[in-house]
Amino acid sequence: MTDQQAEQTFPITLSVNGVPRTAEVPARRLLSDCLRHDLRMTGTHVGCEHGVCGACTVLVDGAPMRSCLMFAVSAQGSEITTVEGLADGETLHPVQQAFKECHGLQCGFCTPGFLTTISAVLDDNPEPTREEAVEAVSGNLCRCTGYQNIVASVLRAAEITRERSAVAIDEAGR
Ligand code: FES
Ligand code: FES
């Protein structure tokens, strides 16, 4: 390929887990590929690459998004949260803690998408019913589990969030 045929690239700036990041990407670069290959944020995984499995889910301005369906240039200026950004230092995110307690963890491909998806669901609905918990994970595909422990993890994550809120309120009142 000659220099004249080289693909045009565009500079983008994103906030990834609160850190400003820049990359130079072709217009067709997927956000998932930008995160993994340009920014070396390899916690986000791709499964189907067709928007079906949910493995690549990240939060874009707080909303769950299949990063294999979004061009990186479309994310210009957005706040991206990947699985690496869920924990608060050494403190696991409630969803991560719940997956640990309830044995909800599956493989490294599907689990990051479950964690990011559920964190967003609980932001919208902090007290899901079991049926709502089932619905919450219905867009994340894994043929290796019966989902029982994952559904239990959703409910436990909601509990942990409430427990932590109660402790914070209690401490603030002292
Ligand atoms: S890899 Fe994006 S939805 Fe499957
Ligand atoms: S796809 Fe990850 S364990 Fe089934």
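Residues numbered from 1 in each chain as written. Chains lettered and ligands numbered in written order. Predicted model: local features only at pLDDT ≥ 70, side-chain atom pairs only at ≥ 80, totals over all residues.

## Some details on the nonpolar core
Stage number 1. In terms of nonpolar packing, the biggest core is built from 42 residues, with Val95, Ile118, Val154 and Ala157 touching the most fellow members.
Stage number 2. Counting only elements with at least two residues in this core, the list comes to strand 1 (9-16), helix 1 (31-38), strand 3 (57-60), helix 2 (94-102), helix 3 (111-124), helix 4 (130-136) and helix 5 (148-172).
Stage number 3. Counting contributing residues per domain, this core is built from domain 1 (9-84) and domain 2 (94-172), each supplying no fewer than three.
Stage number 4. Not counting the four nearest positions on each side in its chain, Ala157 is found in contact with Pro94, Val95, Ala98, Ile118 and Leu122. (Core = buried A, V, L, I, M, F, W, Y, C linked by C-beta atoms within 7 Å. Buried ≥ 20, exposed ≤ 12 C-beta atoms within 10 Å, placed from the backbone. Helix = DSSP H or I, 4+ residues; strand = E, 2+ residues; numbered from the N terminus. Domains from an automatic or database assignment. Contact = placed C-beta atoms within 7 Å.)

## Let's talk about the pairing of strand 1
Stage number 1. With eight bridges joining them, strand 1 and strand 2 (residues 19-26) adopt antiparallel strand pairing. By the bridge assignment for strand 2, Phe10 is matched with Val25.
Stage number 2. Two successive antiparallel strands, strand 1 and strand 2, enclose a turn made up of two residues, where Asn17 displays a positive phi of approximately 55°. (Pairing = 2+ DSSP bridges.)

## Focus on the packing of helix 2 against helix 3
Stage number 1. Where helix 2 contacts helix 3, the two axes come as close as 9 Å, and the packing angle between them is 120°. Put simply, helix 2 runs oblique to helix 3. Crossing angle aside, the handedness with which helix 2 passes helix 3 is right-handed. Contact residues: helix 2 offers Val95, Gln96 and Phe99, while helix 3 offers Leu115, Ile118, Ser119 and Leu122.
Stage number 2. Its residues placed into classes, the contact of helix 2 with helix 3 shows five nonpolar, two polar and no charged. (Axes fitted to C-alpha atoms, helices over the stretch in contact; angles between N-to-C directions. Parallel < 35°, antiparallel > 145°, perpendicular 65-115°, else oblique. Left-handed = near helix turned anticlockwise from the far one by under 90°. Nonpolar A, V, L, I, M, F, W, Y, C, P; charged D, E, K, R; others polar.)

## Side note on the domain arrangement of the protein
Stage number 1. Partitioning the protein into domains gives domain 1 (9-84) and domain 2 (94-172).
Stage number 2. Using C-alpha coordinates to define each centre, domain 1 is positioned 22 Å away from domain 2.
Stage number 3. Listed by partner, the interface residues are 17 residues for domain 1 and 13 residues for domain 2.
Stage number 4. Looking at the side of domain 1 that touches domain 2, the elements with two or more residues in it are strand 3 and strand 4 (63-66).

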